Amino acid sequence: MLRFAPSPTGDMHIGNLRVAIFNHILSKQLNEKLIIRIEDTDKKRNIKNKDKEILEILNLFSIEYDRVIYQSESLKYHQKLAMQLVSTKKAFACFCGDDKLDELRQIAKNEKKPFRYDGFCQNLSNELVLEVNAPFSIRAKQPQSNIKFTDLLKGDFDYKPFDIDSFIILRHDKTPTYNYACAIDDMLLDISTVIRGEDHLSNTPKQIYIRDILEYKTKINYIHLPMILNAQSGKKMSKRDDESSIRWLIEEGFLPSAIANYLVLLGNKTPCEVFTLEEAIKWFDIKSISKSAAKFDISKLRFVNKKHLEIIDEIRLSKILGFDDKDIGKLAKVYLEEASTIKELKSKLNLIFSKKLLCVGFEDEFDTLKNIILKEKYFNSFIEFKAYLSKESGLKGKSLFKPLRYLLTGANDGPNLSDIYPLIKNYLGEIVKC
Ligand code: GLU
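Residues numbered from 1 in each chain as written. Predicted model: local features only at pLDDT ≥ 70, side-chain atom pairs only at ≥ 80, totals over all residues. Heavy atoms only, no water.

Helix and strand counts for the chain stand at 20 helices and 12 strands. At 31 Å, the chain has a C-alpha radius of gyration far larger than the 22 Å of a compact globule built from 434 residues. When the backbone C-alpha atoms are referred to their principal axes, the chain occupies close to 105 × 45 × 40 Å. By the burial criterion, 48% of the 434 residues in the chain qualify as buried. Partitioning the intrachain contacts of the chain with sequence separation of at least 6 by distance along the chain shows that 73% fall at a separation of at least 24. When the accessible area of the chain is evaluated, it comes to approximately 22000 Å², of which 50% is carbon and sulfur surface. Considering the chain, the positive charge centre built from 69 side chains and the negative charge centre built from 61 side chains are found 1 Å apart. (Helix = DSSP H or I, 4+ residues; strand = E, 2+ residues; numbered from the N terminus. Rg over C-alpha atoms; globule rule 2.2 N^0.38 Å. Buried < 20%, exposed > 50% of the residue type's maximum accessible area, 1.4 Å probe, protein only. Contact = heavy atoms within 4.5 Å. Areas by Shrake-Rupley, 256 points an atom, 1.4 Å probe, with all protein chains shown as cover. Lys, Arg positive; Asp, Glu negative; His and termini not counted. Charge placed at Lys NZ, Arg CZ, Asp CG, Glu CD.)

This is how it looks when you write it as structure tokens:
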């Protein structure tokens, strides 16, 4: 079983989506189920309805999963297993309050050392623990030996006991900390492979250690994906970068299929540049992902998006654009010579169907042509249409084509009118009248 474990604490961004996509691909390749685990234990940071938004995005990207679970629903297991760890002396009740811990933090800071718990409550006797009438947290005892693991992408890691420390697993309010809840849930769900961002790499030894002290023997494979950097600043894409938000990319008119394609392509060696997720499942090799950070390049995404728009079914494209006509889908494809996104195509179509009042420099010619076209004589080919207009108006060359282009497209330049005309000929009245 694989899992994608988003926190409902912010917008879904490209980093999360890449993790979700890779989990989807691997679950298909390994023929194992994928579950979505909403990590909602940090109540203060949860944002209302973010879980629904995340699931909607997963559906939009055709990421198939077996079921959705909410981490907060496993609270009783988190608490039960914490008590088990206390009774086996692998964890202990810690009465140290925030004031004392802040003081320890300050001392560590002054000494330019990393903060570590001083072990004060580790050896309290059971009797004393029962006597103390104060809130307590539960800490896992610092390990006795190093925690080692191999990341399938990044290689071997070896953490010393000091790196792990005696860390809190249940807070004063008896809610689990992130590392603890994650370790328990991955164990209870029998997860085989964890794919997540490399910002979680330093959490992994703590999670492995929790399962070790619970004597869970199954080894979980880890794959930590390198960060995605902003190509301009060279810094990690943050939630503040618009381009990293999936909602923003969709609003900008990028197709889910193209975004998914781009995220698989990013920092990867692939047999081709343009593909669907279904195709990628056949050849994708997670080990071929670059170990170093990848740069998010929106111009490359625009290129991939255009390629997907070139091959999309024309009726579907027309529906996405608010029509239901194959010719409008074909027309949009003609405009791909100067547009790369749905938003840009929409603005081209809006111009075609927009009100055209006058054509600067060709005001009279514009009116003449408009009146002739409104007579609604129908011509199948652009050559016949053009010849008829020229004959009726006496116009030719620039005086014919400049106002005609403006009248038909609302723009002063663009694709050949001979390519556009056959696709809009059924709408001429509407286009010219408005
Ligand atoms: N909830 C974590 C996040 O959204 C992911 C944790 C994990 O995959 O283990 O970053």
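Once you've had a look at it, read on.
With that settled, consider the environment of I210. Considering the arrangement of structural elements, one finds I210 in helix α8 (residues 204-213). With 138 residues separating them in the primary sequence, I210 and K348 have C-alpha atoms 58 Å apart. In contact with I210, not counting residues within four places along its chain, are A140, F167, I169, Y180, A183 and I184.

Once that is clear, we can look at the sheet that holds strand β8 (residues 168-170). Pairing in this open sheet of 3 strands is antiparallel, and the strands run β4-β5-β8 from one edge to the other. Edge positions in the sheet fall to β4 (91-94) and β8, since each has one partner strand and no second. Between one strand axis and the next, the sheet turns through 40 degrees on average, direction left out of account. In the packing of helix α3 (residues 75-87) onto the sheet, the strands contacted are β4, β5 (137-140) and β8, and the crossing angle to β8 comes to about 125 degrees. (Pairing = 2+ DSSP bridges. Axes fitted to C-alpha atoms, helices over the stretch in contact; angles between N-to-C directions.)

Among the residues making up helix α19 (residues 417-424), those that are buried are L417, I420, Y421, L423 and I424. For α19, the secondary structure elements touched by its buried residues are α14 (326-334), α17 (382-393), α18 (397-409) and α20 (428-433).

A separate point is the site of the ligand. The ligand sits among R3, A5, P6, S7, E39, Y178, C182, R196 and H200. Separating a nitrogen atom of the ligand from a side-chain N or O atom of S7 is a distance of 2.8 Å. Contact distances for the ligand include 3.1 Å between an oxygen atom and a side-chain N or O atom of Y178. Protein contact buries 83% of the 300 Å² of open area that the ligand shows by itself. Taken atom by atom, the bulk of the ligand overlaps the largest pocket. Residues belonging to the shell around the ligand are distributed by class as follows: 4 nonpolar, 2 polar and 3 charged. (Near = heavy atom within 4 Å. Polar contact = N/O pair within 3.5 Å; in protein donor to acceptor, adjacent residues only side chain to side chain. 1 Å grid on protein atoms, 1.4 Å probe; cavity = no way out; pocket = protein on both sides within 12 Å on 5 of 7 lines; lining within 4 Å. Sits in = over half its atoms within 2 Å of the grid points. Nonpolar A, V, L, I, M, F, W, Y, C, P; charged D, E, K, R; others polar.)

In terms of residue burial, strand β2 (residues 34-38) counts as a mostly covered element, since 5 of its 5 residues are buried. Burial along β2 is two-sided: L34, I36 and I38 facing one way and I35 and R37 facing the other are all buried. By the bridge criterion, 3 bridges tie strand β1 (residues 2-4) to β2 in an arrangement that is parallel. Its bridge partner lying in β2, F4 is registered against I36.

We now examine the packing of aromatic side chains. Here the structure, examined in full by the defined rule, presents 16 aromatic pairs. Ring plane angle 85 degrees and centroid distance 5.6 Å describe the contact between F353 and Y427, whose orientation is recorded as edge-to-face. Taken together, the positions of F353 in the loop between α15 (342-352) and α16 (363-373) and Y427 in the loop between α19 and α20 put the pair 74 residues apart, joining distant regions of the chain. With respect to class, F353 is no different from Y427; both count as buried. Summarising the aromatic geometry, the rings of F366 and Y406 are spaced 6.0 Å apart at their centres and angled 50 degrees between planes, so their arrangement reads as tilted. Pair noted here: F366 is in helix α16 and Y406 is in helix α18, with a separation of 40 residues, a long-range link. Here F366 falls in the buried class, since its relative accessible area comes to 0%. (Phe/Tyr/Trp six-rings, centres within 6.5 Å; stacked < 30°, edge-to-face > 60°.)

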